[in-house]
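One letter stands for each residue in the lines below.
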Amino acid sequence: MKILLFGANGQVGHELRRSLAPLGDVVATTRSGRFEDGSACEIADFDVPDALPALIERIAPDIVVNAAAYTAVDRAEDEADAAFRANAQAPRVIAETCAARDALLVHYSTDYVFDGSGTRPYREDDPTAPLGVYGASKLAGEDAIRASGARHMIFRTAWVYAAHGRNFLRTMLRLAAERDELRVVADQVGSPTSAPMIADVTATLLQRPSQTGLWHLTATGSTSWHGFAEAIVERARAMDLLAKRPAVVPIRTADFPTRAARPAYSCLDTSHLVDDFGCAELPSWQQGLEKVLTEIASTTMIR
């Protein structure tokens, strides 16, 4: 197979370069046309969606995997046009081009399509109600893909982190090394999901009989941001990634105001994915954390 990968420098895209490689010829793209190490790759700028069809036509992929997105949740409130270009218009033109070529489109969405007022894990058919521009733009992308007629697999995920890039895990490790106390929101609940797990599951599902639809893809179990931070600090200290263990103090969302509202409850029900693809139970968020910290421990020492 020939696979065209958008967003290859992102958290999930970086891992997809690894997980998709055994499946065929992966043509990776980034906005700059460079990987993190400076080596060259194809350019795909989601701020210019109309340039994307020509790239797809030239590469002629069997599968397009879109791991690119505008993810600056707070900045999106002031940059709605940019968020919608990357998260809605670009997926629309990609999907329409895939439909014309009969290529399969794999796309990632978010828990932010929900308002977080739920009391049980959200199912794929639950009503959506984004709280801000970011969630609205991602939902518009989902709708555009469905309307395109393209064969597609949309995976909603949540609380994504990895050993690289900007994310909650790396921020907590940096702050824990600098401070004696961390104050972390305790009244938002979700399922921390590692980028390696998302990439590995994606590669596995692409080897199963093709299906079109929407599925939730997160680690199992749930915790608060405070609980996640406590686990990060505890395990990082045990692995000697941290020289000390700072106190992790719970605070309320109201104590840490942000430009964009966050869902208070972000757990997603993954049973539809497990049932449809005959998957084994997805790993827990604790297992994902352990693997990512082990990866960090194998390459660097944070002091």
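Throughout what follows, the structure given in this document is the object of discussion. Owing to the predicted nature of the structure, the values given are computational and were not obtained by experimental measurement.

**Examining the overall build of the protein**
No. 1: Tallying secondary structure elements over the protein gives 9 helices and 13 strands in all.
No. 2: Along the longest, intermediate and shortest principal axes, the C-alpha atoms of the protein span 55 × 40 × 40 Å.
No. 3: By residue count, 54% of the 303 residues in the protein fall in the buried class.
No. 4: Pairs at least 24 residues apart make up 77% of the contacts formed inside the protein by residues separated by at least 6 positions.
No. 5: When the accessible surface of the protein is totalled, it reaches about 13,000 Å², and 49% of it is carbon and sulfur.
No. 6: Positive and negative charge centroids in the protein, built from 31 and 39 side chains respectively, lie 4 Å apart.

**Some thoughts on the environment of E181**
No. 1: The topology assignment puts E181 in strand 8 (residues 181–185).
No. 2: Classification of E181 as partly exposed rests on a relative accessible area of 41%.
No. 3: Taking the C-alpha atoms as reference points, E181 and A247, 66 residues apart in sequence, are found 4.7 Å from one another.
No. 4: For E181, the contacting residues outside a window of four places in its chain are P246, A247 and V249.

**Considering the state of the cysteines**
No. 1: This structure, assessed with the given rule, holds 0 disulfides.
No. 2: Residue C41 stays outside any disulfide, its sulfur separated by 19 Å from that of C98, the closest cysteine.
No. 3: Residue C279 stays outside any disulfide, its sulfur separated by 20 Å from that of C267, the closest cysteine.

**What about helix 5 (residues 168–178)?**
No. 1: Along helix 5, the residues that are buried comprise F168, L169, M172, L173, L175 and A176.
No. 2: Among the structural elements, strand 7 (160–161), strand 8, helix 7 (225–238) and helix 9 (285–299) are those in contact with the buried residues of helix 5.
No. 3: Its side-chain oxygen 3.2 Å from the backbone nitrogen of L169, N167 forms the N-cap of helix 5.

How each quantity is defined
- Counting restarts for each chain, with residues numbered from 1 along the sequence as it is written.
- In keeping with the model being predicted, local features are shown solely for residues with a pLDDT of at least 70 and side-chain atom pairs are shown and tallied solely at 80 or more, while totals for entire chains, interfaces and linings include all residues.
- Note that water and hydrogens are dropped before the side-chain values are worked out from all heavy atoms of the structure.
- By definition, any uninterrupted DSSP run of H or I lasting at least four residues is a helix, any uninterrupted run of E lasting at least two residues is a strand, and each is numbered from the N terminus.
- Accessibility here uses a 1.4 Å probe with only protein chains present; expressed as a share of the type maximum, an area under 20% marks a residue as buried, one over 50% as exposed, and anything in between as partly exposed.
- We call two residues in contact when some of their heavy atoms are within 4.5 Å.
- Per-residue accessibility takes into account occlusion by the displayed protein chains alone, with areas from the Shrake-Rupley method and a 1.4 Å probe.
- By the counting rule applied here, Lys and Arg register as positive and Asp and Glu as negative, while His and the ends of each chain are not counted.
- Every charge is mapped onto a representative atom, which is NZ of Lys, CZ of Arg, CG of Asp or CD of Glu.
- For the purposes of this analysis, a disulfide is any pair of cysteine sulfur atoms at a distance within 2.5 Å.
- A 3.5 Å cut-off defines polar contacts: any pair of N or O atoms within that distance qualifies, except that in protein one atom must be a possible hydrogen donor and the other a possible acceptor, and neighbouring residues in sequence count only when both atoms are side-chain atoms.

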